[in-house]
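A structural walkthrough
Each chain, written out:
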Amino acid sequence: TGFVGGTLPYDILARMAASIVWVGAMGTAGLVACQAYGQRFVNPSDANLIYSTQPIFTAAFAYLLLGEKMNTAECIGGAVLLCAVLLVAGKRKDKLDGT
């Protein structure tokens, strides 16, 4: 019984399959639909900057909600990504201001 014996009861397999379908539907199709809807109200450059921060917010929520820890390389990568987004956003603001 269970993973040790190599079999799982049908009710557990059914719940696992339902969970996989739910995560696939909401975590992929649902989010893509929401993204496509929201992009209609934001110009493409701003949308790109917003979506570039996704890994940063993913890591932050994983830390806050799930207690995930990041190693040094991951923290450095997140800092580089954040700096790049802020740099591009600053240049974009300067261009819009005409300076």
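Residues numbered from 1 in each chain as written. Predicted model: local features only at pLDDT ≥ 70, side-chain atom pairs only at ≥ 80, totals over all residues. Heavy atoms only, no water.

What follows covers the overall build of the protein chain. Broken down by element type, the protein chain carries five helices and zero strands. When the helices and strands of the protein chain are read in sequence order from the N terminus, they spell out α-α-α-α-α. For the protein chain, the proportion of its 99 residues judged to be buried stands at 6%. When the accessible surface of the protein chain is totalled, it reaches about 8100 Å², and 71% of it is carbon and sulfur. (Helix = DSSP H or I, 4+ residues; strand = E, 2+ residues; numbered from the N terminus. Buried < 20%, exposed > 50% of the residue type's maximum accessible area, 1.4 Å probe, protein only. Areas by Shrake-Rupley, 256 points an atom, 1.4 Å probe, with all protein chains shown as cover.)

Our focus in this paragraph is the packing of aromatic side chains. Here the structure, examined in full by the defined rule, presents one aromatic pair. On the numbers, 5.2 Å between centres and 70° between planes, the contact of Y37 with F41 is edge-to-face. Pair check on accessibility: Y37 and F41 agree, each one exposed. (Phe/Tyr/Trp six-rings, centres within 6.5 Å; stacked < 30°, edge-to-face > 60°.)

Moving on, we get to helix α4 (residues 54-66). With 13 residues, α4 should reach 18 Å at 1.5 Å per residue; the first-to-last C-alpha distance of 17 Å fits that figure. Phi turns positive, to about 75°, at G67, one or two residues after α4. (Expected span 1.5 Å × (residues − 1).)

Residues spaced three or four apart along an α-helix face the same direction, because each turn holds 3.6 residues. In this model helix α2 (residues 10-39) runs 42 Å from its N-terminal to its C-terminal C-alpha over 30 residues, within 8% of the 44 Å that 1.5 Å per residue would give. A bend of about 30° at G30 is the largest found in α2. (Bend = angle between axes of the 7 residues up to and from the residue.)

With that settled, consider a nonpolar patch on the surface. Among the surface-exposed residues, F57, F61, Y63, L64, L65 and L66 lie close enough to one another that they form a single nonpolar patch of about 750 Å² accessible area. Tracing the sequence through the fold places L64 in helix α4. (Patch = residues over 30% accessible without salt bridge, like charges linked within 9 Å, V, L, I, M, F, W, Y side chains within 5 Å. Salt bridge = Lys/Arg side-chain N within 4 Å of Asp/Glu carboxyl O.)

In this model, the protein chain carries a mean pLDDT of 83, and residues with pLDDT of at least 70 account for 86%. Confidence scores differ between elements of the protein chain, with helix α1 (residues 2-5) showing the lowest mean pLDDT of 56 and α4 the highest of 89. (pLDDT = per-residue confidence, 0-100.)

Now for the pattern of salt bridges. Under the criterion given, the structure shown has one salt bridge. Here D11 ties to R15 by a salt bridge, and the two come within 3.6 Å at their closest N and O atoms. In this pair, D11 and R15 are both assigned in helix α2, four residues apart and thus about one turn of the helix distant. Of the residues examined, R15 reaches a relative accessible area of 54% and is grouped as exposed.

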